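Chains, contacts and geometry: an overview
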Amino acid sequence: MTSEKKRRVGTKYLLAVVVAVIVIGVVLWQAFPLLVKTQENTSLTNLLPMNLTIVGLNGTQIVLNETAIGGLPSFESKGGFKTSVGALGGIGNYTGVQLSTLLALVGGLNSDSSLRVTASDGYTMVYTYNQVQGEDFTTYNPPTGDEVSASQPFTVVLAYHLNGMNLTSDDGPLRFAILGSQGLLTDGHFWVKMVTKLEILPAVADWTLRLTGPYPDNMSRGAFESGLNCHNSTWTDINNNTWTGMPLWFLIGWIDDKGDSNRMGFNDTLARQGYTVNVITGQGYSESFNSSTVMHNDNIIVADKLNGAPLPNPYWPLRLVGSELSNNETLSNIVEIQMILPGS
């Protein structure tokens with residue numbers, strides 16, 4: 001081989017080596033984020049002990065422990081909540097598993113379904129299909145708590161980390177969280193703590209109850225269900241049907257005091273002075289009660305469930321029932337409750 005041919009072969013060899021080095025470098029550079037992500041996922045072995053039961057619409061059931069949950073793809077973003085009395089809390093950066101990932105393990109959620117989330121202390125909340133997709137939430141500005149519109153989508157997750165640390169025993173090990181890049185807040189009753197069970201159910205429809213009084217409010221289905229976890233009553237009628245809901249007096253207590261911690265109670269002094277409570281249906285029918293009759297009376301119930309299921313038509317969304325009501329006083333399709341003070 002002549003020196004010229006040797007030179008050409010050497011040049012080709014050198015070029016091949018350079019190209020190979022460049023290709024390997026590009027591959028490693030592109031793969032670096034994945035390598036880092038894999039390392040981050042293996043760090044989830046420090047998750048607290050947990051067991052999450054997931055039930056599909058067809059009855060399929062699985063139970064995941066901390067190892068299984070830590071092995072699923074993680075999602076990280078910002079969020080927090082605003083409580084019913086206006087306090088802001090839980091603001092930070094959360095890490096967890098997207099709800100869609102978890103529900104896919106039992107067949108997924110479709111538009112004809114809803115989701116019931118249950119906590120270890122028995123607290124429950126039902127979410128519509130749209131809410132599981134990160135839609136239909138009222139949003140608030142983190143610094144002020146003022147209502148604002150979201151310009152970026154939300155992702156719903158079961159979170160296990162807040163700011164890189166395991167959730168505390170008061171909140172975790174798993175918590176329902178509504179997250180987005182804007183870090184906007186959502187209503188606190190949706191942030192279920194200590195989640196132990198996800199259950200896919202037939203679809204539920206949202207509704208709003210108008211509460212008119214000294215401190216009026218529009219109570220959403222979610223807020224009503226949240227209140228049921230602390231204040232609920234049941235009544236069984238002569239046909240052995242069980243009606244479950246909230247005592248009327250608690251709903252009056254929601255609007256008879258200022259919008260602070262007292263909103264969770266009932267103003268006995270005002271009730272003794274006397275006022276009228278009107279319960280109004282979507283058709284315009286109404287029944288009136290004296291405050292002395294309503295006061296701490298658990299036998300006048302605004303029911304949202306019949307035999308454990310959401311009310312069907314024509315009762316939906318709420319029905320007034322109870323052992324102290326006559327047949328004429330029971331009302332269906334309740335849309336408004338009024339507290340009328342003397343002289344107003």
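Below is a summary of the structure that appears in this document. Note on numbering: residues in each chain are counted from 1, in written sequence order. Local features are withheld for residues below a pLDDT of 70 in this predicted model, meaning they are given only at 70 or higher, and side-chain atom pairs are given and counted only at 80 or more; totals for whole chains, interfaces and linings count all residues. Think of the side-chain values as coming from all heavy atoms in the structure, minus any hydrogens and water.

What counts as a ring pair is set by centres within 6.5 Å for rings of Phe, Tyr and Trp (its six-membered ring), and what kind of pair is set by the plane angle: stacked under 30 degrees, edge-to-face over 60, tilted for all other angles. Counted by the stated rule, this structure contains nine aromatic pairs. Ring centres of Tyr127 and Phe176 lie 4.1 Å apart, and the angle between their planes is 10°; this geometry places the pair in the stacked category. Note that Tyr127 is positioned in strand E6 (residues 124–127) and Phe176 in strand E11 (residues 175–179), a separation of 49 residues in sequence. In this structure, Tyr127 and Phe176 share a single accessibility class: buried. Note on Trp249 and Phe250: the rings are 6.5 Å apart at their centroids and 85° apart in plane angle, and the pair reads as edge-to-face. Runs of E in the DSSP output that reach at least two residues are strands. Runs of H or I that reach at least four are helices, and both are numbered from the N terminus. Each residue is assigned to one of three classes by its accessible area relative to the maximum for its type, calculated with a 1.4 Å probe on protein chains only: buried under 20%, partly exposed between the two thresholds, exposed over 50%.

A word on the sheet that holds strand E15 (residues 217–220). With mixed pairing, five strands are arranged side by side in an open sheet as E15-E14-E23-E18-E19. Edge strands, defined here as strands with exactly one partner in the open sheet, are E15 and strand E19 (286–290). Sheet twist, expressed as the mean angle between neighbouring strand axes with direction ignored, is 20°. Paired strands, in this sense, are two strands between which DSSP finds at least two bridges. Direction of pairing for strand E14 (residues 208–212) relative to E15: antiparallel, over a ladder of four bridges. Each residue of the ladder has a partner; that of Leu209, found in E15, is Met219. Here the axes come from fitting lines to C-alpha atoms, over the contacting stretch only for helices, and the angles between their N-to-C directions go from 0 to 180 degrees.

In plain words, nonpolar cores are sets of buried Ala, Val, Leu, Ile, Met, Phe, Trp, Tyr and Cys residues tied together by side-chain atoms within 4.5 Å. Leu99, Leu102 and Leu198 are the most contacted members of the largest nonpolar core, which has 42 residues in total. Elements represented by at least two residues in this core include exactly strand E1 (51–55), strand E4 (88–98), helix H3 (99–104), strand E5 (113–119), E6, strand E9 (155–162), E11 and strand E13 (195–202). With five residues, the single largest contributor to this core is E9. Residue contacts are counted whenever heavy atoms from the two residues lie within 4.5 Å of one another. Leaving out residues up to four positions away in the same chain, Leu198 has contacts with Leu52, Thr53, Ile54, Val55, Leu99, Leu102, Leu103, Leu115, Arg116, Val117 and Leu158. By size, the runner-up hydrophobic cluster in this structure holds 31 residues, among which are Trp254, Phe266, Val279 and Val302.

Both site types are read off a 1 Å grid over the protein atoms alone. A 1.4 Å probe that fits but cannot get out defines a cavity, while an open set with protein on both sides within 12 Å along at least five of seven lines defines a pocket; lining residues have an atom within 4 Å of a point. Grid points are joined across faces, edges and corners, and a volume is the space filled by probe spheres set on the points. Approximately 1100 Å³ is the volume attributed to the largest pocket. As for the largest pocket, its lining consists of 42 residues, of which Thr83, Ser84, Asp187, Gly188 and His189 are closest to the centre. Where the lining of the largest pocket is concerned, the elements lending two or more residues are strand E3 (75–82), E15 and helix H5 (221–228). By the convention adopted, Pro, Cys, Tyr, Trp, Phe, Met, Ile, Leu, Val and Ala count as nonpolar, Lys, Arg, Asp and Glu as charged, and the other residues, Gly among them, as polar. For the lining of the largest pocket, the class distribution of residues is 16 nonpolar, 14 polar and 12 charged. Here the second largest pocket defines a volume of roughly 480 Å³. The wall of the second largest pocket is formed by 24 residues, among which Val126, Glu225, Lys305, Gly308 and Pro310 lie closest to the centre. Secondary-structure elements contributing two or more residues to the lining of the second largest pocket are E5, E6, E13, H5, strand E20 (301–306) and strand E21 (309–310).

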